[in-house]
Amino acid sequence: MRFRTEANSVCKDFDAPLPSEVLDCIKSLRINKGPGIDGINNKMIKNLPLHTILTITTIIHKIMTLGHFPTRWKTATVVPILKPGKDPTYTTSYRPISLLPSLSKIAEHLILKRLNNYLKENSVLCPEQFGFREKLSTSHQLIRVVEYVTEGFANKQKTGAVFLDIQKAFDRVWQDGLIHKLIHYNPLLPY
């Protein structure tokens, strides 16, 4: 995956990660999580010497400046977990758990932090976007809907709503098209 702000230019606007940020991520890792395809578990990462943490910090910085996320870090080990009370002979009775390498999770966390800051500082997301945003959730949107309905009822107005839930929406997204749109997206242009 390449991180770009516009066509043919790799994003170099992000601040370089600090070793202290990497250390904070490592401290927050839970020991009981399974390792990814690399076999490196969180207990091993928590016991890394400082010079290795500095090397990891440099690797994450290179990911940001070169715009290339290592393929191996995007490769997950998928473990099927049987849903409670379901027939184990049906594949639909299982939910998949994807185990990614912990080092990739650390890199993703630091990149996401910078991306979210960029989106916030440049007012890229519309104010109605609540899902996957810090201190906002879809529950907050439900509260807003209740407030609109209550206010309309109090003012003797009618309130209409349309709700759309697309089954397995992420699986149905044309990812190449989405990436193309993101590359050419300019938040300064009107919709």
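See the structure printed just above.
Just so it is clear, the model here is predicted, and its values are computed rather than measured.

Novice: What is the right way to look at the nonpolar core in this model?
Specialist: Soluble globular proteins tend to bury their nonpolar side chains together. Ranked by internal contacts, the top residues of the largest apolar core, which has 17 residues, are Val-22, Ile-60, Ile-106 and Leu-110. Looking at this core, the elements that each hand over two or more residues are helix 1 (19–28), helix 3 (50–66) and helix 4 (102–121). Leaving out residues up to four positions away in the same chain, Ile-106 has contacts with Val-22, Cys-25, Ile-26, Leu-29, Ile-45 and Ile-60.

Novice: Is there a simple way to think about the pattern of salt bridges in this case?
Specialist: What the rule picks out here adds up to two salt bridges. A salt bridge links Lys-113 to Glu-21; the nearest nitrogen and oxygen atoms lie 3.0 Å apart. Pair noted here: Lys-113 is in helix 4 and Glu-21 is in helix 1, with a separation of 92 residues, a long-range link. Residue Lys-113 is classed as partly exposed on the basis of its relative accessible area, which comes to 40%. Of the charged contacts, one joins Glu-21 and Arg-114 as a salt bridge, the two residues approaching to 2.6 Å between their closest N and O atoms.

Novice: Help me understand the layout of surface pockets, please; the structure alone is not making it clear to me.
Specialist: Gaps between atoms show up when a probe of the same size as a water molecule is rolled over them. The space that makes up the second largest pocket amounts to roughly 200 Å³. In this structure, the second largest pocket is lined by Cys-25, Ser-28, Leu-29, Arg-30, Lys-33, Gly-34, Asn-42, Ser-102, Lys-105, Ile-106 and His-109. At four residues, helix 4 tops the list of elements feeding residues into the lining of the second largest pocket. Looking at the lining of the second largest pocket residue by residue, the classes come out as three nonpolar, five polar and three charged.

Here is what the cut-offs are and how they apply
- Residues numbered from 1 in each chain as written.
- Predicted model: local features only at pLDDT ≥ 70, side-chain atom pairs only at ≥ 80, totals over all residues.
- Heavy atoms only, no water.
- Core = buried A, V, L, I, M, F, W, Y, C linked by side-chain atoms within 4.5 Å.
- Buried < 20%, exposed > 50% of the residue type's maximum accessible area, 1.4 Å probe, protein only.
- Helix = DSSP H or I, 4+ residues; strand = E, 2+ residues; numbered from the N terminus.
- Contact = heavy atoms within 4.5 Å.
- Salt bridge = Lys/Arg side-chain N within 4 Å of Asp/Glu carboxyl O.
- 1 Å grid on protein atoms, 1.4 Å probe; cavity = no way out; pocket = protein on both sides within 12 Å on 5 of 7 lines; lining within 4 Å.
- Points joined across faces, edges and corners; volume = space filled by probe spheres on them.
- Nonpolar A, V, L, I, M, F, W, Y, C, P; charged D, E, K, R; others polar.

Honestly, it's all geometry; don't read function into it.
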